[in-house]
Every structure is written in C-alpha cells, then in structure tokens.
Amino acid sequence: MSGRDMSLRGRLKPEPATEREKDCMRNISDVDFEIFRHKMQTIAMECKETCIKLGASTGMRWGDLGISIYTASGDSSICATGIWFHTMLGQIPLKYILKHWADDPSVGIKEGDSFFANDPFYGGVHAPDMMQYMPVFYRNELVAWVGCVVHSGETGACEPGGAPLTSRSRYDEGIRIPPVKIAENFRLREDVINIFAHMVRDPRPLVLDIKARAAACAVGRKRILEVIERQGAEFFIGGLRKLISSTAEAARRKVSLLHDGVYKQPRVLDTVGTEDALIKLMVTIRKEGEKINLDFSDSSPEIPDKPVNSYFQGVLGVAAVFLCGYLFHELPANSGLLEVLEWKFPERSVINPSPESPTSLAPWAQVSVEHGISQIGSKMLYSLDRQRAVAAWFKGFNMAYYGGVNQYGEPLADVGPEMNAGGLGARPDMDGVDVAGAFFAAMSDTGDVESIELDRPFIYPYRKYFKDSFGFGKFRGGAGLDYAMMIRNVPWLFIGGIGFGTKIPSTIGLFGGDAIPTFVAIKQKQSKLKEMYARNDRELPFSTQELLERDNLGGRREVWPISCPGEVLMEGDVFIAAVGGGAGYGDVLEREPEKVARDVKDGLMSAWAAENIYHVVYDPDTYRVDLEATEKERAQERRRRLEQSLDYEEFERQWSSRRPPDHVLKYYGNWPH
C-alpha cells in the first residue's frame with residue numbers, strides 16, 4: 001500500500017450494522033441497556049483519568065484529550081467527557097487500520113497490538129494531535145477497540161510546540177505518521193518509539209504520552225473483558241451497536257422538532273499566521289425534516305503556503321462540539337449523532353485544501369466554523385430549548401509556545417495551557433462563568449502556577465481574570481485570563497504567540513449582545529522585573545493594566561498581534577498575552593444596574609464601561625446605584641440610537657458599497673463572494 005487513501009476521510013458516519021450485531025441487539029432489555037451505557041461511560045472516564053495522571057505534555061496533563069470505545073468496525077460508541085471532536089475524528093485512522101492492515105500478512109491485527117497515528121490527513125486537525133488504538137479480542141474474535149487522542153505539544157516542526165506559524169507546506173510540520181503498529185504482545189516496539197524520539201526536540205513528553213495512551217487503552221481493554229465475562233460477548237457487541245443506533249434515532253427525532261429553514265453565518269479570521277489578512281468561513285445550514293445540511297460554499301480559497309488550511313473532516317469533527325454539548329446534550333456522544341448531517345465543501349478551499357497544504361493552524365479555521373455553527377444553532381434552538389441557546393465561549397486560543405532548554409538543562413518544547421481559561425458565553429438568564437475553560441474541552445484545566453513553574457524556565461508575575469475581557473450585554477460573558485511569563489533561570493527561551501482576534505473580535509455576541517474585545521501580545525525586553533522581585537518592589541505589576549499604566553519595567557516594549565512568530569527572549573524578558581472572555585447576550589441597556597456596579601467593585605469591569613457602555617450612574621465610593629439618573633442616561637442613549645439609525649434598504653446600500661483595502665483581501669478570494 002502506498003500513497004494517501006482519499007476515500008476514508010469522510011467516513012465519520014456509522015458503518016452499516018453487521019448481521020452479528022443485528023442479532024446481538026435483539027434481546028437487550030431497556031434496563032440492561034441503560035446499565036450497560038453507564039458502565040461504558042465509567043470505563044471511558046477511568047481511561048481518561050489514567051491518561052491524565054501518567055502523561056507529560058501540557059495537553060495531556062490538563063485534559064486536552066479524548067477517549068473512545070469503538071465497535072469492531074471502527075465506529076465511536078461512547079466517549080469520556082474530554083474533546084468530542086477528537087473522539088469523532090479518531091474513527092478515520094481506525095478505519096484505515098481495518099481497511100489496510102487487517103488482512104496484510106506483514107502487519108495484521110492481533111491481541112496485544114497497538115497502533116499510532118498523527119497525520120492530519122486522517123486525524124483531521126494538526127500534527128500535535130496524536131492517536132493510539134488497542135484492539136479488544138474475546139476468544140479470538142475482535143469485539144471492540146479502545147482509542148485515545150491527545151494533543152502532545154512537540155512534533156519536530158520548523159518551530160517548537162507543534163503548531164508553527166511559519167510552515168509553508170506539510171513538510172515543515174514535523175512528524176506526520178499514518179496509522180502504524182507500535183506494539184505487539186502488549187509491548188511497545190522500542191525501535192519504532194526510538195524513531196519518533198529522534199525526530200523531535202524534546203522526546204520525553206512524546207514518549208511518556210505514548211506510554212500513557214497505551215496504559216489508558218489497556219485499562220479500557222481490561223474493563224471491557226470484565227463486562228464480557230459477566231454478560232457475554234453477544235450482549236457487549238449488541239450493546240455497543242445499540243448505543244449508536246438508538247442515539248441516531250433520537251437525534252433524528254430531535255432535529256425534526258426544529259424549524260425548517262436556511263440559516264447563514266459568515267465568520268472570519270484576521271490572520272494567516274505570519275501576516276494580517278481577511279479569511280472568510282461561510283457557514284450555511286439548511287434544516288429540512290430530520291436532516292441538517294452544512295454548506296461551506298463562498299469560503300476563501302486554499303492558501304498553499306500558509307498554515308490556516310483545514311481538511312474538511314476536521315471541520316465536521318469540530319461540529320461535534322455543538323452537537324454533543326448543546327443540540328444533543330442529553331444523548332450519548334457517539335457517531336450516531338452524525339447521521340443527521342449532510343455536508344458540502346468547495347474543492348481547494350481553505351477548509352478543503354490539497355493534501356500538500358500546511359495545516360498546523362487548522363484549529364483556527366475549524367473554531368471559526370464552529371462559532372458560526374453555534375451562532376446558528378442557538379437561534380435554531382431558541383424556540384425548542386431556550387436554556388441551550390447561549391452566547392459563544394471564547395474562540396481564539398491565545399496561548400504561548402516555546403522551546404529551548406529548561407532550568408535543569410533538559411530540552412523543552414511545548415505550548416502553554418492558558419487557552420483552557422477562556423470565558424463562558426452569557427446565557428439567557430445569567431452571566432457566563434469567568435475563566436471557565438476551553439469550549440472544545442469543557443473539562444480541561446489550565447493548571448496551577450506552581451506545578452507549571454516547577455519544570456518550565458519561567459514564572460508568572462500574574463495570572464488572573466482580565467478586566468473588560470468579555471462581551472457586554474443584558475448578561476455579560478465570563479471574564480478571560482490575563483497573564484505574563486518572565487524568562488527565569490535560563491539565559492534565553494524561544495517563545496511566540498498563537499491565536500487570532502487582534503484586528504477583528506474572535507467571538508461575537510448573541511441576540512444583541514456585544515463581541516469580546518480584540519487582544520494583542522506584548523514583549524517587554526530588557527525589563528527590570530527580575531531586579532524588582534529581588535528587592536520586593538512595591539510597584540510590581542499584578543495585571544497588564546497596571547503594567548501599562550505604571551510603565552516602570554524599563555527596557556523596550558513591543559506590541560504584536562496575538563499571532564506573533566517566535567523569537568529568542570532573554571532572562572528577565574516578559575511575554576504578555578490574554579485569553580478572551582465569553583460573548584454577551586442581549587441589549588446592554590437591559591442589564592440590571594446593580595450588576596454593573598458590582599462588576600466594577602469586583603474589578604471585572606472598568607468604570608469607563610459602566611458609564612459609556614451600560615450608562616449606569618453610581619457612587620464611586622459606595623457603588624450604590626442612582627436608579628433615576630441611570631434611567632435618564634439610558635433614555636438618552638435610546639434616543640441617540642434612533643437618531644443614528646437607518647432603514648434597512650439604506651443600510652444595505654451603504655454597507656454593500658464598502659470594501660476593505662486590497663492588501664487585506666490578499667487571500668480572501670472574490671469580494672464580496
């Protein structure tokens with residue numbers, strides 16, 4: 001076998017049930033089935049916790065992973081609450097293994113084997129997302145698979161951390177391994193692992209993550225065999241398939257309750273990694289009966305030498321974030337949910353490029369598409385399940401990546417966990433949660449400062465919620481994270497930033513709520529911060545706002561887009577960034593004035609925003625609201641809005657005549673479509 005298998009990429013829907021599976025499903029009672037479902041969920045969760053406890057990379061330690069139990073034919077049947085899109089996309093490499101290696105005498109699939117893959121062409125995202133699988137045999141019959149996908153932070157790419165901004169082709173992105181056997185007879189093949197270790201800057205977390213995945217899969221296999229010994233192989237095989245078929249049936253019923261119609265939501269990126277540019281991701285959803293049709297026509301074309309391209313299966317995988325977490329939150333998260341989807345991706349677009357194009361920043365395009373899906377989905381859901389019609393979590397990543405040698409003289413290459421501290425979007429009846437997590441991995445963690453500083457050559461001068469980082473509205477989004485990293489105990493560290501949303505907000509509001517602000521990265525070079533620590537200076541900054549206002553760190557300050565190529569920073573230099581908050585919900589003038597004053601008192605909101613956005617009048621010493629004065633201010637603001645308003649035809653005429661500068665449209669495609 002040679003070359004890429006183009007036929008497998010779209011095989012995310014369940015395979016047809018085999019005759020054996022149909023026979024095994026017939027006699028499973030509802031009570032036994034619910035107990036079985038809960039048991040499988042518990043097994044998956046145990047696998048997930050095993051992985052987190054044994055792994056080494058940032059993604060592994062802080063929960064950027066997915067665990068699934070698959071049928072013998074490779075369909076995802078149950079998953080742990082980790083990253084839903086990884087568990088969906090994990091089906092493709094598994095189906096590759098079954099298609100190409102099962103009957104190949106030089107490879108085969110046997111008890112005690114384990115397989116590895118990280119090629120984005122099959123995994124759907126980018127090279128740091130690494131997958132492992134273990135088959136489960138019972139009396140020489142393949143009955144299931146256990147799979148684990150984890151973002152390991154180093155791939156040997158042209159920049160450390162696995163997601164290089166400067167990659168010009170797939171060959172700049174480090175190891176990209178199609179499905180390969182890495183273990184036999186329950187032993188990892190040291191020759192294969194040694195090859196991987198020689199291809200990356202820091203082999204330790206890569207190898208430890210492989211061993212952690214292997215352990216997690218082995219735990220899953222052991223627990224599955226215990227279930228089979230108690231209840232029989234037929235019950236187990238039938239139960240796995242019934243999980244998928246019953247989920248698909250329930251999903252179709254729920255979709256049928258949504259209003260038919262055509263919904264559109266254009267989303268944009270403001271960067272291609274190394275330069276500012278406008279990229280369009282056009283999301284169109286046609287809901288008809290029991291089907292949801294996704295159409296991405298009118299999206300920007302493929303960019304052959306920039307890394308923001310995404311394979312189409314990755315976009316479908318990230319759609320599972322909305323499907324599993326919102327639309328079908330009450331159903332098991334498995335491939336049966338995808339039975340309601342149909343899709344159309346334009347050829348050679350930024351979300352359906354050629355196999356040669358770089359994809360290290362594919363999550364940016366995918367997240368932007370998911371944002372469009374969640375915006376549309378909230379509007380579709382409003383009449384059916386209002387509590388699930390929520391504003392978006394933060395979508396922009398905004399994390400550091402770094403490489404070099406740590407304070408113990410050991411090689412180091414990884415990304416920061418701060419992306420897991422975004423704000424939750426506002427809800428129909430309350431504010432979003434501050435520094436809640438990552439929207440794509442709701443149970444992930446950003447880690448505690450002390451454990452990170454223990455083996456990383458930097459310290460955090462501050463890491464806390466960020467004032468005014470959320471979208472305003474009747475209900476505000478949750479606050480994001482403000483953080484700074486000072487290089488310490490090493491002469492230098494290579495460091496840069498990954499994310500988008502410096503020119504255009506990465507997360508927009510819902511039902512009149514505001515978008516989040518834009519964000520930048522700051523490099524404070526030759527700073528005096530180290531000396532200030534040494535003398536316990538009372539003027540030490542504890543937020544970026546204080547740092548900017550006091551301007552007492554000395555040296556040279558550089559302001560960059562949050563997406564900034566890495567460079568060497570010296571000991572004492574500081575890298576500063578922020579993770580955004582959640583989007584707002586509803587009109588700001590409908591927010592209870594007392595909540596505005598409380599946010600100012602708690603340091604979550606500026607006095608400027610209270611006065612100029614919410615138009616609330618309060619005593620700055622006691623924070624007691626003057627309701628009468630507030631109502632007058634808000635009435636005046638409503639009059640101002642009316643005076644500035646246009647009828648729709650005039651608005652459309654003016655808007656349609658506007659056009660960004662040509663350099664902004666360099667990668668956009670035809671304007672406006």
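The paragraphs below set out a description of the structure included in this document.

About the thresholds
- Residues numbered from 1 in each chain as written.
- Predicted model: local features only at pLDDT ≥ 70, side-chain atom pairs only at ≥ 80, totals over all residues.
- Heavy atoms only, no water.
- Patch = residues over 30% accessible without salt bridge, like charges linked within 9 Å, V, L, I, M, F, W, Y side chains within 5 Å.
- Areas by Shrake-Rupley, 256 points an atom, 1.4 Å probe, with all protein chains shown as cover.
- Salt bridge = Lys/Arg side-chain N within 4 Å of Asp/Glu carboxyl O.
- Buried < 20%, exposed > 50% of the residue type's maximum accessible area, 1.4 Å probe, protein only.
- Helix = DSSP H or I, 4+ residues; strand = E, 2+ residues; numbered from the N terminus.
- Expected span 1.5 Å × (residues − 1).
- Pairing = 2+ DSSP bridges.
- Axes fitted to C-alpha atoms, helices over the stretch in contact; angles between N-to-C directions.
- Contact = heavy atoms within 4.5 Å.

Let's talk about a nonpolar patch on the surface
Piece 1. Among the surface-exposed residues, L646, Y648, F651 and W655 lie close enough to one another that they form a single nonpolar patch of about 480 Å² accessible area.
Piece 2. W655 gets classed as exposed once you look at its relative accessible area, which sits at 51%.

Topic: helix α8 (residues 203-231)
Piece 1. Taking 1.5 Å of rise per residue, the 29 residues of α8 would be expected to cover 42 Å, and the 42 Å separating its terminal C-alpha atoms lies within 8% of that figure.
Piece 2. G232 occupies a position one or two residues after α8 and carries a positive phi of about 95°.

Details of the sheet that holds strand β18 (residues 556-561)
Piece 1. If you walk across this open sheet you meet the 5 strands as β14-β15-β20-β17-β18, and the pairing is antiparallel. Looking at which strands have only one partner, the edges of the open sheet turn out to be β14 (458-465) and β18. In this sheet, neighbouring strand axes are inclined to one another by 15° on average, regardless of whether the strands run parallel or antiparallel.
Piece 2. Pairing between strand β15 (residues 481-487) and strand β20 (residues 574-579): 6 bridges, direction antiparallel.

Considerations on the sheet that holds strand β10 (residues 291-295)
Piece 1. Taken together, the 4 strands give an open sheet; going across it, the order is β8-β9-β10-β11, and neighbouring strands pair in mixed fashion. Every other strand in the sheet has two partners, leaving β8 (261-271) and β11 (341-344) as the edge strands with one partner each. Adjacent strand axes in the sheet meet at a mean angle of 20° when their direction is disregarded.
Piece 2. Pairing of strand β9 (residues 276-288) with β10 involves 5 bridges; the strand directions are antiparallel. Residue pairing for β10: T284 is matched across the bridge by D295.
Piece 3. Of the strands in this sheet, β8 and β9 are in contact with helix α11 (residues 362-381), which crosses β8 at around 150°.

Notes on unusual backbone geometry
Piece 1. Here W671 and P672 are connected by a cis peptide whose omega angle stands at 0°.
Piece 2. Following the sequence through the fold, P672 ends up in the segment after α18 (648-656).
Piece 3. Phi is positive for V435, which is not a glycine, with a value near 35°.
Piece 4. With respect to the secondary-structure elements, V435 resides in the loop between β13 (411-415) and α12 (449-454).

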